[in-house]
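Chain by chain, the residues:
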Amino acid sequence: MKKFLISALVALCAVTTASAQDSGNWAVGPRMNIYTNTSTIVGLTAFGRYSFTDNWRIEPSITALLHKGCSIDLSVDAQYVFHVAPSWKVYPAVGITANDIGRWAAGLNIGGGFDFSITRDWDLSAGLKWQPMFDDWRSNPVVISIGASYKF
């Protein structure tokens, strides 16, 4: 039984390592965000993307919000990618977010964006999302973003 479990674990690791090397399955990059409706806060983001299929991907991110009393925004979005042209992709996105603009609160991400391939491994991207928060005192920010991603 022990040999079977070790063999299954080795096989799982080998498959996930091989799939992580497929071009386009993983991407990482920086992004600049502008949070409107919150006295215009600028944020710097690090994000990662994992594509489950040609169309479905997930994007976790962490953003440093650059304002007095610096805070962070943690988000995870699911995106459905439409391949409009060889170099253009458009996607709607939904997800969850938590941030401490003032105090900690959770909310949703609803929006979309596009990616433009500038080389085989690099994309430029832009997006727009609305973050309705689950507390009643905070204005719900609209986030405008621009960034780049490296695919591997």
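Just so it is clear, the structure is predicted and the values come from calculations on it, not from any experiment.

Before going further, it helps to spend a moment on the environment of A105. Examined against the element boundaries, A105 turns out to sit in strand β7 (residues 105–117). Taking the C-alpha atoms as reference, A105 lies 6.8 Å from F134; in sequence the two are 29 residues apart.

This brings us to the pairing of β7. Two strands pair when backbone bridges link them, and strand β6 (residues 88–99) and β7 are joined in this way by 12 bridges, in the antiparallel orientation. When the sheet's bridge partners are listed, Y91 is paired in β7 with G113. Looking at chain direction, β7 and strand β8 (residues 122–130) are connected through eight bridges and run antiparallel. By the bridge assignment, G111 is partnered in β8 with K129. Linking β7 to β8, which pair antiparallel, is a turn of four residues.

Tallied over the entire structure, the rule returns eight salt bridges. Taking the shortest distance from any N to any O, the salt bridge between D115 and R57 comes out at 2.8 Å. Taken as a pair, D115 in strand β7 and R57 in strand β3 (residues 56–66) lie far apart in primary sequence, 58 residues in all. Across the salt bridge formed by D77 and K129, the nearest N and O atoms sit 3.5 Å from each other. Placement of the pair is D77 in strand β4 (residues 71–80) and K129 in strand β8, with a sequence separation of 52 residues.

Right, let's talk about the pairing of β4 for a bit. What you see with β4 is a clean split: S71, D73, S75, D77 and Q79 sit on the buried side and I72, L74, V76, A78 and Y80 on the side with no burial. Between β3 and β4, which pair antiparallel in sequence order, lie four residues; one of them, G69, sits at a positive phi of approximately 75 degrees. Where β4 meets β6, seven bridges bridge the pair, whose relative direction is antiparallel. In the strand pairing of β6, S75 is matched with T97.

Analysis parameters
Numbering of residues starts from 1 in every chain and runs along the sequence as written. Totals for whole chains, interfaces and linings use all residues, but because this is a predicted model, local features are given only for residues with pLDDT of at least 70 and pairs of side-chain atoms are given and counted only at 80 or more. Where side-chain values are given, they derive from all heavy atoms of the structure, hydrogens and water being excluded. Starting at the N terminus, helices and strands are each numbered in turn, a helix being any DSSP run of H or I of at least four residues and a strand any DSSP run of E of at least two. When DSSP finds two or more bridges between two strands, those strands count as paired. Put simply, a salt bridge is a Lys or Arg side-chain nitrogen that is within 4 Å of an Asp or Glu carboxyl oxygen. Remark: exposure states derive from per-residue accessible area (1.4 Å probe, protein chains only) relative to the maximum for the residue type, with buried under 20%, exposed over 50%, and partly exposed in between.

Limitation: the analysis is restricted to geometry and does not speak to function.
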